[in-house]
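Summary of structural features
Letter by letter, the chains look like this.
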Amino acid sequence: MRDAEIRELPGLIGERVRVSGWLYNARSSGKLHFLVVRDGSGYLQSVVFKPAVDERVWQEAGRVTQESSLQVTGTVKEETRAPGGVELQVEEIVIVQLCPDYPITPKEHGPDFLLNHRHLWLRSKRQHAIMRVRNELTFGIRDFFYTRHYVNIDSPILTPAACEGTSTLFETDYFGEKAYLSQSGQLYLEPAAAAHGKVYCFGPTFRAEKSKTRRHLTEFWMVEPEVAWMRFDGLLELAEEFVSTLVARILDRCKQELEWLERDVARLEPAAARPYPRIDYGDAVEKLKAKGFPVTFGDDFGGDEETALADESGKPILITRYPAAIKAFYMEPDPLDPARALAVDMIAPDGYGEIIGGSERISSPEKLEQRIAEHNLPLAAFQWYLDVRRYGGFPHSGFGMGIERVVTWLCGLQHLREAIPYPRMINRLYP
RNA sequence: UCCGCAGUAGCUCAAUGGUAGAGCAUCCGGCUGUUAACCGGAGGGUUGGGGGUUCGAGCCCCUCCUGCGGAGCCA
């Protein structure tokens, strides 16, 4: 007899194993108990047949409750009637802890109830699948950059001032001074690009905006590459290659999870191939006008507008060259039209919204200083950032991608809050 | 901050202004192949808080609280 994880069992047919886990669900008839055990690596139908076991084992099988921790020992058997094609013929059961009144039943629950029990909700099959996809995505991101010789540079979370001067920040006391939780690692990444060439940061980001939509969290994870000498065209190429590579990886390695999530994979497959459609901001405005949206040149797009612009094919789209006035201060003006910025947003299809925002950065110290003044930002706080231009200025570009929005899209979720283990939103800090 | 929707059993939801109900969960019983198993029985309620109208309020009115969705802002 050996200890085994459930994922190994298809290769252990006929062997006697012990599995440690939790009771996921139970069904019984007069002389049979079907105990579905989960151990994190999979789900196992364990069959207890009354004539085949001691009376004590039969009694234990009858009293074990949902989510009780237990160890089952028996013989692995190929069985087409069992989910997964393998089941365990039980000889011994040890209940480690009998679980009383598990709150989350196999029936429906509302979002508020489930979020109050997020620490338990994570055990459910659907949440398990989402976290597996998230895990594959974050590992795929690091793999993507590592194999292309990017260096991971972690940005600080506690910062002395607003990075972009737009969003509302969480303020905290820092030994008598004010400090803020970071809303972007980008500004700290640019100096590192001068040190290593190709860099990225990957960490939590905080926005104190009182947003109440399915697309917003107050704490979310963002990955931000920054590349020295990369111009705007190169940035568009990078964003496309990045997202298509990640989608292909998920389709290849998370088939089971996407099936459990009932994700329409055919809707995701087009995004695994390049190129993605690109549309100039000005053309996007015209397209929206033709569709009856009350937009004028200079407006930013809302959720409905983004959805209307999205491609029919299931590919994300790139919207390029936004008006400078509605974009961040550090973005390089378009040489063809200084009122525009070399900025790009990537919009996921099917209403999942913006997943990437990026730009070429201003490389001239004079131009940057002027922009800081125009945005009424405190010049003194940005001296170190201006140094990137003063001491060997160079063209560079980068973007930020929101992890939860991508997970939401990949998994086909209705709400961003399911895409992170412990969502932080307005009115929700527990558990 | 603004607009809209909602709050009834542990959970998901019903209930013309007239005796508060069902399914699931829990407990008891039945069934040798179940797939959110099924069948029978039992217990379980200050209808979010406060005030008002009425012979009578879960339902109508006022107010507060909480949650959800959207706008703004963004990834």
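What comes next concerns the included structure. (Residues numbered from 1 in each chain as written. Chains lettered and ligands numbered in written order. Predicted model: local features only at pLDDT ≥ 70, side-chain atom pairs only at ≥ 80, totals over all residues. Heavy atoms only, no water.)

**Quick notes on the sheet that holds strand E17 (residues 343–348)**
Using the following cut-off: Two strands form a pair only when DSSP identifies at least two bridges running between them. A run of DSSP states H or I qualifies as a helix once it reaches four residues; a run of E qualifies as a strand once it reaches two. Both are numbered from the N-terminal end. Two residues qualify as a contact provided that any one of their heavy atoms is within 4.5 Å of a heavy atom in the partner residue. Between N-to-C directions, angles span 0 to 180 degrees; the directions come from axes that are lines fitted to C-alpha atoms, helices contributing only their stretch in contact.
The strand order across the open sheet formed by eight strands is E7-E11-E12-E19-E18-E17-E14-E13, and the pairing between neighbours is mixed. On the outer flanks of this sheet lie strand E7 (151–152) and strand E13 (278–280), each paired with one strand and no other. Helix-sheet contacts for helix H6 (residues 232–253) involve strand E12 (219–228), E13, strand E14 (317–320), E17, strand E18 (353–360) and strand E19 (396–402), and the interaxial angle to E19 is about 30°. Here helix H12 (residues 403–411) sits on the sheet in contact with strand E11 (198–206), E12, E17, E18 and E19, set at roughly 55° to E19.

**A word on the nonpolar core**
Going by this rule: Residues grouped as a nonpolar core are buried Ala, Val, Leu, Ile, Met, Phe, Trp, Tyr and Cys residues, joined through side-chain atoms within 4.5 Å. Exposure categories follow from relative accessible area, calculated using a 1.4 Å probe and restricted to protein chains: below 20% of the type maximum is buried, above 50% is exposed, and the middle band is partly exposed.
Ranked by internal contacts, the top residues of the largest apolar core, which has 49 residues, are Ile141, Phe242, Met401 and Trp409. Breaking this core down by element, the ones donating at least two residues are helix H4 (125–147), E11, E12, H6, E17, E18, E19 and H12. Ranked by residues supplied to this core, first place goes to H6 with 11 residues. Judged by nonpolar contacts, the second largest core, of 28 residues, contains Leu309, Ala328, Phe329 and Leu377.

**Re helix H8 (residues 281–290)**
Heads up, the condition is: Working note: the arc is built from the helix axis to C-beta atom directions. The term polar contact refers here to a pair of N or O atoms within 3.5 Å; inside protein, the definition further demands a hydrogen-donor-capable atom paired with an acceptor-capable atom, and it admits residues adjacent in sequence only when both atoms are side-chain atoms.
Regarding H8, the residues found buried are Tyr281, Gly282, Ala284, Val285 and Leu288. Taken around the axis of H8, the buried residues stretch over an arc of 160°, which confines them to a single face. Buried positions along H8 lie against E13, helix H9 (303–309), E14 and strand E16 (337–341). If you check the start of H8, you find a side-chain oxygen 2.8 Å away from the backbone N of Gly282, and it comes from Asp280.

**Structural notes on the sheet that holds strand E9 (residues 171–174)**
Pairing between sheet strands relies on hydrogen bonds along the backbone, with the strands arranged either parallel or antiparallel. Read across the open sheet, the three strands follow the order E8-E10-E9; overall the sheet is antiparallel. Here the strands that pair on one side only, and so sit at the sheet edges, are strand E8 (158–159) and E9. Pairing of E8 with strand E10 (residues 177–181) involves two bridges; the strand directions are antiparallel. Following the sheet pairing, Thr159 is matched in E10 by Tyr180.

**A closer look at a nonpolar patch on the surface**
Short version of the rule: The residues that make up patches have over 30% relative accessible area and no salt bridge, and they are joined within 9 Å when like-charged or within 5 Å when they are Val, Leu, Ile, Met, Phe, Trp or Tyr. For the accessible areas, the method is Shrake-Rupley and the probe is 1.4 Å, while residue cover comes only from the protein chains on display. Each reported salt bridge corresponds to a side-chain nitrogen of Lys or Arg within 4 Å of a carboxyl oxygen of Asp or Glu.
On the surface, a cluster of nonpolar side chains totalling about 380 Å² of accessible area is made up of Leu158, Tyr174 and Phe175. Structurally, Leu158 can be placed in strand E8.

**Examining the packing of aromatic side chains**
To be explicit about the condition: Side-chain rings of Phe, Tyr and Trp (the six-membered ring for Trp) are treated as a pair once their centres are within 6.5 Å; stacked means planes under 30 degrees apart, edge-to-face means over 60, and tilted covers the remaining angles.
Taken as a whole and judged by the stated rule, the model has 21 aromatic pairs. Ring geometry for Phe301 against Tyr322: centres 6.2 Å apart, planes inclined by 55°, an arrangement best described as tilted. Remark: Tyr322 occurs in the loop between E14 and strand E15 (333–334) and Phe301 occurs in the loop between H8 and H9; sequence separation between them is 21 residues. By relative accessible area, Phe301 is classed as buried at 8%. Ring centres 6.2 Å apart and planes at 70° place the aromatic pair Phe329 and Tyr385 in the edge-to-face group. Within this pair, whereas Phe329 is found in the loop between E14 and E15, its partner Tyr385 is found in helix H11 (residues 383–390), the two being separated by 56 residues in sequence.

**What to know about the protein's contact with RNA strand B**
This is how the line gets drawn: What makes a residue near a molecule or strand is one non-hydrogen atom of that residue sitting within 4 Å of it. In this count, Pro and Cys sit with the nonpolar residues alongside Ala, Val, Leu, Ile, Met, Phe, Trp and Tyr, while Asp, Glu, Lys and Arg are called charged and the others, Gly among them, polar.
Neighbouring RNA strand B are 45 residues, the closest being Asn25, Arg27, Ser28, Arg207 and Arg405. Restricting attention to atoms of RNA strand B within 4 Å of the protein, one finds that 46% of them are sugar or phosphate atoms. Residue Arg214 places a side-chain N or O atom 2.7 Å away from a phosphate oxygen belonging to RNA strand B. Note that a base nitrogen of RNA strand B is positioned 2.9 Å from one of the backbone N or O atoms of Leu217. Here the surface near RNA strand B gets four residues from one element, more than from any other, and that element is strand E2 (residues 16–29). Each residue belonging to the surface near RNA strand B can be placed in one class, and the counts come to 12 nonpolar, 15 polar and 18 charged.

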